[in-house]
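# Descriptive analysis of the structure
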Amino acid sequence: MAEKLTLTLDANDGKSGDVVILLRPDLAPKHVEQITSLAKDGFYDGLTFHRVIDGFMAQGGCPDGTGMGGAKQQIPAEFSRHPHIEGVCSMARSSNPNSASSQFFICLDDASFLDGQYTVWGEVESGMELVHALPKGEPPRYPGKIVKATVS
């Protein structure tokens, strides 16, 4: 059996717990490789959730906090049949399906209209209440932050 790989987001400075995401290389090996590499390099540390829409999703991973930035490398789409339901983590992208780089979103509710159009790379195992509690807005007035992202 393959070793379980997780991404842990300290989104509240360690005060309320962590968001633990089960990584799914079986669904999106290139995306999981990119995310784990960026996390190990400290790329996500200090970044905000710049777009949080109640009942839809929380988006983060933009280095400039606007939703327009990303990492240098873009990744070809790895679409799957996995549904976009509460707790599913998927890559954000432009209108080009092969433009994902560092930005991702966590579904706050059923978003099945995204199925087959965005790359699913993980699922929240614990801490979903912290994701739901993130300040809402596009962008939020006082956005929630990823204090530190670690892979284990």
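Residues numbered from 1 in each chain as written. Predicted model: local features only at pLDDT ≥ 70, side-chain atom pairs only at ≥ 80, totals over all residues. Heavy atoms only, no water.

## Focus: the pairing of strand β7 (residues 120-126)
As defined by bridge partners, strand β2 (residues 19-23) adjoins β7 across four bridges and the pair is classed as antiparallel. When the bridges of β7 are listed, V20 appears paired with S126. Across three bridges, strand β5 (residues 88-91) lies against β7 in antiparallel orientation. Within the sheet, the bridge partner assigned to V88 lies in β7 and is E123. (Pairing = 2+ DSSP bridges. Helix = DSSP H or I, 4+ residues; strand = E, 2+ residues; numbered from the N terminus.)

## Some remarks on helix α1 (residues 29-40)
Taking 1.5 Å of rise per residue, 12 residues should cover 16 Å, and α1 covers 16 Å from first to last C-alpha, within 8% of that figure. Residues of α1 that are buried include every one of H31, V32, Q34, I35, T36, L38 and A39, and no others. Packed against the buried residues of α1 are β1 (6-10), β2, β5, β7 and β8 (148-151). Just downstream of α1 lies G42, where phi reads positive at about 85°. (Expected span 1.5 Å × (residues − 1). Buried < 20%, exposed > 50% of the residue type's maximum accessible area, 1.4 Å probe, protein only. Contact = heavy atoms within 4.5 Å.)

## Some thoughts on the side chain of H84
Mapped onto the elements, H84 comes out in the loop between β4 (57-60) and β5. H84 gets classed as buried once you look at its relative accessible area, which sits at 0%. Residues contacting H84, with those up to four places away along its chain left out, are S90, F105, C107, D109, D110, A111, S112, L114, D115, Y118 and V120.

## Quick look at the pattern of salt bridges
A side chain of one charge can pair with a side chain of the opposite charge if their charged atoms are brought near each other. In total, this model carries five salt bridges according to the counting rule given. When the shortest N-O distance is used, the salt bridge between D26 and R24 registers 2.6 Å. Judged by relative accessible area, which is 16%, R24 ranks as buried. In the salt-bridge network here, residues are joined through shared partners; they are R24, D26 and E123. (Salt bridge = Lys/Arg side-chain N within 4 Å of Asp/Glu carboxyl O.)

## Re the pairing of β4
With burial as the criterion, each face of β4 is covered, one bearing M57 and Q59 and the other bearing A58 and G60. Both strand β3 (residues 51-53) and β4 contribute to a ladder of three bridges, which runs antiparallel. Considered in β4, the bridge of R51 is made with Q59.

## Thoughts on the layout of surface pockets
Volume-wise, the largest pocket comes out at about 410 Å³. Lining of the largest pocket is provided by 23 residues; of these, Q59, A92, R93, S94 and Q103 occupy positions nearest its centre. When the residues that make up the lining of the largest pocket are grouped by side-chain class, the tally is nine nonpolar, 11 polar and three charged. (1 Å grid on protein atoms, 1.4 Å probe; cavity = no way out; pocket = protein on both sides within 12 Å on 5 of 7 lines; lining within 4 Å. Points joined across faces, edges and corners; volume = space filled by probe spheres on them. Nonpolar A, V, L, I, M, F, W, Y, C, P; charged D, E, K, R; others polar.)

## A word on the packing of aromatic side chains
Tallied over the full model, the rule gives six aromatic pairs. Between F49 and F104, the aromatic rings sit 6.2 Å apart at their centres with planes inclined by 90°, giving edge-to-face as the arrangement. Of this pair, F49 sits in the loop between α1 and β3 while F104 sits in strand β6 (residues 104-107), placing them 55 residues apart in sequence. What makes F49 buried here is its relative accessible area of 2%. With a centroid separation of 5.8 Å and an interplanar angle of 80°, the aromatic rings of F105 and Y118 are classed as edge-to-face. In this pair, F105 sits in strand β6 while Y118 sits in the loop between β6 and β7, placing the two residues 13 residues apart along the sequence. Taken together, the aromatic side chains of F43, Y44, F49, F104 and W121 make up a single cluster linked through ring pairs. Lying over the aromatic face of Y118, R93 brings its terminal NZ or CZ to 4.3 Å of the ring centre. (Phe/Tyr/Trp six-rings, centres within 6.5 Å; stacked < 30°, edge-to-face > 60°. Lys NZ or Arg CZ within 6 Å of the ring centre and 35° of its normal.)

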